[in-house]
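So you can see what is in the structure, the chains are spelled out below.
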Amino acid sequence: MKRSLNLLLIITLLTISVVVNAQTAPADSSNLKAYAGSYTFASSSHIQKYTITVEKGDLFGEADNYGKNKLVKQAKADTYQSTSSYGSMITFVRDTTTKAIMSLSIAAQGTELTAKKDNS
């Protein structure tokens, strides 16, 4: 009886461990690929293009040719913070029907810019 209870306790703890690890595991690279691509800002913007890439399971963003910065996942869905000195917040916008990424907005230093995802 005591042995059965110990076995049940071990199985329960292992199950909890697996569930917790699944919930806190880093994002799957294949899921991140939905964000990847180039995004174009309005012609009047001081940034023309923002490029999102996936490298070794992490998301990176680069404004024009100013260098890549890692994007860190935030609690809010489709929201990432740049590790750049500006600490920009990048929020991806999805189509309500298809759930495909359509655009992104970048908020930094009190300014918010929006860019449309290029079809490539």
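Preceding block: the structure.
Residues numbered from 1 in each chain as written. Predicted model: local features only at pLDDT ≥ 70, side-chain atom pairs only at ≥ 80, totals over all residues. Heavy atoms only, no water.

A. The overall build of the protein chain, seen in detail. The secondary structure content of the protein chain amounts to two helices and eight strands. Shown N-terminal to C-terminal, the secondary structure of the protein chain runs as helices and strands in the order α-α-β-β-β-β-β-β-β-β. Residues classed as buried in the protein chain amount to 27% of the 120 residues present. Counting contacts in the protein chain only where the partners sit at least 6 residues apart, residues at least 24 apart contribute 27% of the total. When the accessible surface of the protein chain is totalled, it reaches about 8,300 Å², and 58% of it is carbon and sulfur. (Helix = DSSP H or I, 4+ residues; strand = E, 2+ residues; numbered from the N terminus. Buried < 20%, exposed > 50% of the residue type's maximum accessible area, 1.4 Å probe, protein only. Contact = heavy atoms within 4.5 Å. Areas by Shrake-Rupley, 256 points an atom, 1.4 Å probe, with all protein chains shown as cover.)

B. A look at the sheet that holds strand 1 (residues 37-41). One closed barrel holds the eight strands; their spatial order is 1-2-3-4-5-6-7-8, and the pairing between them is antiparallel. Sheet twist, expressed as the average angle between the axes of neighbouring strands with direction ignored, equals 30°. Summarising the sheet, strand 2 (residues 49-55) and strand 3 (residues 58-63) pair through six bridges and their orientation is antiparallel. Bridge assignment links Val54 to a residue of strand 3, and that residue is Leu59. (Pairing = 2+ DSSP bridges. Axes fitted to C-alpha atoms, helices over the stretch in contact; angles between N-to-C directions.)

C. Just the nonpolar core, in detail. Within the largest apolar cluster, 18 residues are counted, with the highest numbers of intra-cluster contacts made by Tyr50, Ile52, Phe92 and Leu104. Going through the elements one at a time, strand 1, strand 2, strand 3, strand 6 (89-94), strand 7 (101-108) and strand 8 (111-117) are the ones with two or more residues in this core. In this structure Ile52 touches Tyr35, Ala36, Gly37, Tyr39, Leu59, Phe60, Gly61, Leu71, Phe92 and Leu104, once residues within four positions along its chain are discounted. (Core = buried A, V, L, I, M, F, W, Y, C linked by side-chain atoms within 4.5 Å.)

D. Structural context of the pairing of strand 8. Pairing geometry for strand 1 and strand 8, over three bridges, is antiparallel. In the sheet register, Tyr39 faces strand 8, and the bridge partner there is Lys117. In the sheet, strand 7 pairs with strand 8 via six bridges, with the strands oriented antiparallel. By the bridge assignment, Ser103 is partnered in strand 8 with Lys116. What sits between strand 7 and strand 8 in their antiparallel hairpin is a turn of two residues, with Gln109 showing a positive phi close to 50°.

Just geometry here; none of it tells us what the structure is for.
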